[in-house]
Amino acid sequence: MPLKYPELVRERLLDAATDILWCEGLAVSVQEICQSAGISKRTMYQIFTSKDELLAASVERQAQAWHREFDTQSWDAYTPRECILDIFARIERADRRGGRCGFATFFAVINALGADHPAAAAARRAIERLRDFFHRRAREAGVSQAEPLVDQLMLIFSGASAHARIPEAPGEKTVATHLARMVLDSAGLH
């Protein structure tokens with residue numbers, strides 16, 4: 001029997017999967033996701049063929065939401081430096097309001113599930129889009145050696161993303177932005 005509202009069911013499953021992945025990690029079971037969504041496992045398998053497909057859709061959804069936030073913003077009024085620092089400020093703002101930046105999940109997906117997992121492809125695309133964003137800003141600023149700068153920014157960003165996942169983590173939450181400023185200064189991007 002076909003589902004009456006498959007898109008609504010799909011959204012409920014993705015909401016539940018995203019929340020549980022964020023809080024519990026990748027070891028989450030289909031039963032836990034379905035229970036959180038208030039949907040039976042049978043219904044879940046009418047929407048997604050496997051847990052892997054559900055995880056991939058959840059990661060893709062998180063990536064799209066995060067990138068939509070900064071891809072749709074007009075950066076014309078900002079310097080390349082301000083654009084880059086704004087990305088780090090977003091982690092801090094999300095952390096302060098108990099939000100999620102998602103990138104810690106993306107890195108974890110690739111490491112835990114392996115490169116061939118469907119969710120890893122979505123995670124890699126999200127990470128590459130961020131790399132491209134940093135790279136474009138560095139080129140706009142005239143940085144001659146953009147690759148080392150982008151590598152450093154990605155390292156800071158991945159660390160800050162992981163740190164944001166730990167609610168009781170000690171230390172100042174603005175350290176990533178401070179480190180990014182130092183890296184930008186050393187690259188001559190003022």
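A few points on the structure. (Residues numbered from 1 in each chain as written. Predicted model: local features only at pLDDT ≥ 70, side-chain atom pairs only at ≥ 80, totals over all residues. Heavy atoms only, no water.)

**Re the overall build of the protein chain**
Part 1: The number of helices and strands found in the protein chain is nine helices and zero strands.
Part 2: Written out in order from the N terminus, the α and β elements of the protein chain read α-α-α-α-α-α-α-α-α.
Part 3: Here the protein chain, with 190 residues, has 46% of them falling under the buried criterion.
Part 4: Of all intrachain contacts in the protein chain linking residues separated by at least 6 positions in sequence, the fraction that spans at least 24 positions is 67%. (Helix = DSSP H or I, 4+ residues; strand = E, 2+ residues; numbered from the N terminus. Buried < 20%, exposed > 50% of the residue type's maximum accessible area, 1.4 Å probe, protein only. Contact = heavy atoms within 4.5 Å.)

**Points about the environment of Ala27**
Part 1: Structurally, the position occupied by Ala27 is in the loop between helix H1 (6–24) and helix H2 (30–37).
Part 2: According to the relative accessible area criterion, Ala27 is exposed, its value standing at 74%.
Part 3: Aside from chain neighbours lying at most four places away, what touches Ala27 is Glu32 and Lys51.

**Quick look at the pattern of salt bridges**
Part 1: Using the criterion set out here, one finds seven salt bridges in the structure.
Part 2: The partner of Glu11 in a salt bridge is Arg61, and the shortest N-O contact between them spans 2.9 Å. Placement of Glu11 in helix H1 and of Arg61 in helix H4 (residues 51–71) is noted, with a sequence separation of 50 residues between them.
Part 3: The exposure class assigned to Glu11 is partly exposed, which follows from its relative accessible area of 30%.
Part 4: Look at Arg61 and you get partly exposed, because its relative accessible area is 25%.
Part 5: With its nearest N and O atoms 2.6 Å apart, the salt bridge here joins Glu147 to Arg131. (Salt bridge = Lys/Arg side-chain N within 4 Å of Asp/Glu carboxyl O.)

**Topic: H2**
Part 1: Within H2, burial applies to Val30, Ile33, Cys34 and Ala37. Viewed along the axis of H2, the buried residues span an arc of 95°, placing them on a single side of the element.
Part 2: Downstream of H2 by one or two residues, Gly38 has phi in the positive range, about 70°. (Arc of directions from axis to C-beta.)

**Structural notes on the packing of aromatic side chains**
Part 1: Inspection of the entire model under this criterion finds four aromatic pairs.
Part 2: Each ring, one from Phe88 and one from Phe134, has its centre 5.8 Å from the other, and the planes form 5°; the classification is stacked. With Phe88 in helix H5 (residues 80–96) and Phe134 in helix H7 (residues 118–140), this residue pair connects regions lying 46 residues apart in the sequence. Just as Phe88 is buried, Phe134 falls in that class too.
Part 3: For the ring pair Phe134 and Phe157, a centre distance of 6.5 Å and an interplane angle of 70° mean the geometry is edge-to-face. Residue Phe134 is found in helix H7, and its partner Phe157 is found in helix H8 (residues 146–164); the two are separated by 23 residues along the sequence.
Part 4: By way of ring pairs, the aromatic residues Phe88, Phe133, Phe134 and Phe157 are connected into one cluster. (Phe/Tyr/Trp six-rings, centres within 6.5 Å; stacked < 30°, edge-to-face > 60°.)

**So, H7**
Part 1: Taking 1.5 Å of rise per residue, 23 residues should cover 33 Å, and H7 covers 34 Å from first to last C-alpha, within 8% of that figure.
Part 2: At the C-terminal side of H7, Gly142 shows a positive phi close to 80°. (Expected span 1.5 Å × (residues − 1).)

**Digging into the nonpolar core**
Part 1: Within the largest apolar cluster, 27 residues are counted, with the highest numbers of intra-cluster contacts made by Phe88, Phe134, Leu149, Leu153 and Phe157.
Part 2: Looking at this core, the elements with two or more residues in it are H5, H7, H8 and helix H9 (175–186).
Part 3: With eight residues, the single largest contributor to this core is H8.
Part 4: Judged by nonpolar contacts, the second largest core, of 25 residues, contains Ala16, Ile33, Ile39 and Leu55. (Core = buried A, V, L, I, M, F, W, Y, C linked by side-chain atoms within 4.5 Å.)

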